[in-house]
Amino acid sequence: MLVTTKNDCPHVKTTQFFPIEEFIYLPFQSFKCEFCNEKRELWICLTCAKSFCGRYINKHFFEHIKQNNNHILCLSMLDLSVWCYKCITNGFLDVGSYINSPITSKYVNAYSDFKFGYNFMPPTNQISKLIKMNSQQCHNFKYYNFIELLKNRQFRNGVLMVGAGISTSAGIPDFRSEKGIFKEIKEKYKVKHPEEFFSKKKFIEKPKILYDIIKQLNLKKYNPTITHYFMKYLVDKGIIKIIFTQNIDGLELKAGINNAKVIFAHGIFNEGQCINCGKKIDCNDMDDYINKGEIKICNECNNPCKPSIVLYGEDLSDDFYETMDKIQDCDLGIIIGTSLSVEPFSSLPEKLNKNAWSVVINNEQIGEFDYDDLMKYHLFIEGSCDEICKKILVDCNWWDDFYNRFYKINNFNYYNENN
Ligand code: CNA
């Protein structure tokens, strides 16, 4: 084929281009031919940003321009070349006009950034005049792009990383919020650093305090929240494959999520073990001791037994370390209700690869590192996690199904009613 490179195509000036600030957030990975659903040899129309198969498949791009007179510039999703169909002579099949202009380069760069993770062409002065979007617009584009991918099952290997914030609406306080456990401990025990009561050192010195805290928390009485069922829903849909939780309340299991999918990074309250030799204690037995406020002593090594939660100064389970390497293969990471301030859990999101989506749902900004710098597709959704999970379900058209499966059989107002 004879190809001429044109830097001065007259149709570039008269073409109405799809807004570049929206183009950069299009879900290219789910693009297919608008006519025949083909995924091979696709062309993106630079006017409407829809995709169509090319001459070697069913020639639907030609169909598109026949129907839309002014849609003539297209970008190849294969080799990133841009063509003008008005400049093409000899029918469409023999001679093409490859366009290289500042404006079309913006689209090439944007798509290249998606496809390869870097810009295909060096920016010219014109191109580098970056289109500025305000942060709300940017957020909305990203959010709806995310919803589109979620609803079309483009994510197949997602990971959830969650913390105490997913259980606050059940009535279980978190650690660090205004009404959190730390504040209460500070006042009750007159200490500056409430964390110390969750340390191995302090437990060995004064085991009774941790027994009292666990007794007061009475974690057995709580029920899962909308967010827990949302997590179950994503697992059932095959979108989420692993859940890392910092929570010790076990509500993930109460919501029906299979034990094999959940890594309890900080253990679980209703089991027990010796602080020294690790010997397991029957959970009813441990519960009895906690309720009586009597310290269970290990009959193997004579040391105090603790609920099977990981204390500061103790190592996390092998499961945690073995599974965390899987995060780098995930296509989606959703982080919910955690301040991400406890290591090594707080480093888990950094294991996501740059092309994975990372979505943080929390009622305040979190994390030490700069996600926007680290992740190409990062979305922070601020607010109550139950409300946001509901919104996502509605936007994906999953709400009715979710409602019938989980919502109508659970009373999610129990906490609000009691408070
Ligand atoms: P944290 O440090 O208390 O952070 C919780 C985060 O969630 C904060 O950023 C809050 O602003 C946010 N948050 C609270 N409620 C909501 C809500 N409804 N919607 C959205 N965001 C909300 O707790 P982390 O989990 O980050 O810290 C890890 C500790 C807490 C782990 O060792 C846990 O074992 C420990 N913990 C667990 C539980 C539990 O099992 N439910 C309760 C309290 C503490």
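Preceding block: the structure.
Attention now moves to the sheet that holds strand 9 (residues 262-264). Sheet architecture is open: 6 strands sit in the order 9-8-7-13-14-15, paired in parallel fashion. Only two strands of the sheet have a single partner each, and these edge strands are strand 9 and strand 15 (377-382). Across the sheet, the mean angle from the axis of one strand to that of its neighbour is 15 degrees, orientation sign disregarded. Relative to strand 8 (residues 240-245), strand 7 (residues 158-162) runs parallel, the two being bridged by 5 bridges. The residue of strand 8 that forms the bridge with Val159 is Ile242.

Taking burial as the measure, the 5 residues of strand 12 (residues 305-309) include 5 buried ones, the bulk of the element. Two strands pair when backbone bridges link them, and strand 10 (residues 267-274) and strand 12 are joined in this way by 4 bridges, in the antiparallel orientation. Its bridge partner being in strand 12, Cys274 is matched across the sheet by Cys305.

Moving on, we get to the packing of aromatic side chains. Inspection of every chain in the model, using the stated rule, returns 28 aromatic pairs. Taking 4.9 Å as the distance between ring centres and 80 degrees as the angle between the ring planes, the aromatic pair formed by Tyr143 and Tyr144 counts as edge-to-face. For Tyr143, a relative accessible area of 4% corresponds to the buried category. According to the relative accessible area criterion, Tyr144 is partly exposed, its value standing at 44%. Chaining the aromatic ring pairs together yields one cluster made of Tyr229, Tyr233, Trp398, Trp399, Phe402, Tyr403, Phe406 and Tyr407. Positioned over the ring face of Trp398 is Lys237, at 4.9 Å from the centre of the ring. Across the ring face of Tyr289, the terminal group of Lys292 is positioned such that the distance to the ring centre comes to 4.8 Å.

Around the ligand, the structure places 28 residues, and the nearest of them are Arg176, Thr338, Ser339, Asn363 and Glu364. A distance of 2.8 Å separates an oxygen atom of the ligand from a polar backbone atom of Ala164. A total of 860 Å² of accessible area belongs to the ligand in isolation, and the protein chains cover 94% of it. Per-class residue counts for the shell around the ligand are 9 nonpolar, 15 polar and 4 charged.

On to the packing of helix 9 (residues 226-236) against helix 15 (residues 399-407). Taken N-terminus to C-terminus, the directions of helix 9 and helix 15 make an angle of 115 degrees; their axes are 11 Å apart at the nearest point. In this structure, helix 9 meets helix 15 at a crossing whose hand is right-handed. Contact with helix 9, carried on its side by Ile226, Tyr229, Phe230, Lys232, Tyr233 and Asp236, involves Asp401, Phe402, Arg405, Phe406 and Tyr407 of helix 15 and no other residues of that element. Of the residues contributing to the contact of helix 9 with helix 15, the split by class is 7 nonpolar, no polar and 4 charged.

Moving on, we come to the sheet that holds strand 10. Spatial ordering of the open sheet is given by 11-10-12, a layout of 3 strands whose pairing is antiparallel. Of all strands in the sheet, those with a lone pairing partner are strand 11 (280-281) and strand 12, marking the two edges.

A few words on a negative patch on the surface. Judged by side-chain charge, Asp315, Asp318, Asp319 and Glu322 come together as a negatively charged surface patch. Tracing the chain through its elements places Asp315 in the loop between strand 12 and helix 12 (318-324). According to the relative accessible area criterion, Asp315 is exposed, its value standing at 60%.

About the cut-offs
Residues numbered from 1 in each chain as written. Predicted model: local features only at pLDDT ≥ 70, side-chain atom pairs only at ≥ 80, totals over all residues. Heavy atoms only, no water. Pairing = 2+ DSSP bridges. Helix = DSSP H or I, 4+ residues; strand = E, 2+ residues; numbered from the N terminus. Axes fitted to C-alpha atoms, helices over the stretch in contact; angles between N-to-C directions. Buried < 20%, exposed > 50% of the residue type's maximum accessible area, 1.4 Å probe, protein only. Phe/Tyr/Trp six-rings, centres within 6.5 Å; stacked < 30°, edge-to-face > 60°. Lys NZ or Arg CZ within 6 Å of the ring centre and 35° of its normal. Near = heavy atom within 4 Å. Polar contact = N/O pair within 3.5 Å; in protein donor to acceptor, adjacent residues only side chain to side chain. Areas by Shrake-Rupley, 256 points an atom, 1.4 Å probe, with all protein chains shown as cover. Nonpolar A, V, L, I, M, F, W, Y, C, P; charged D, E, K, R; others polar. Left-handed = near helix turned anticlockwise from the far one by under 90°. Contact = heavy atoms within 4.5 Å. Patch = residues over 30% accessible without salt bridge, like charges linked within 9 Å, V, L, I, M, F, W, Y side chains within 5 Å. Salt bridge = Lys/Arg side-chain N within 4 Å of Asp/Glu carboxyl O. Lys, Arg positive; Asp, Glu negative; His and termini not counted. Charge placed at Lys NZ, Arg CZ, Asp CG, Glu CD.

Treat this as a map of the structure, not an account of what it does.
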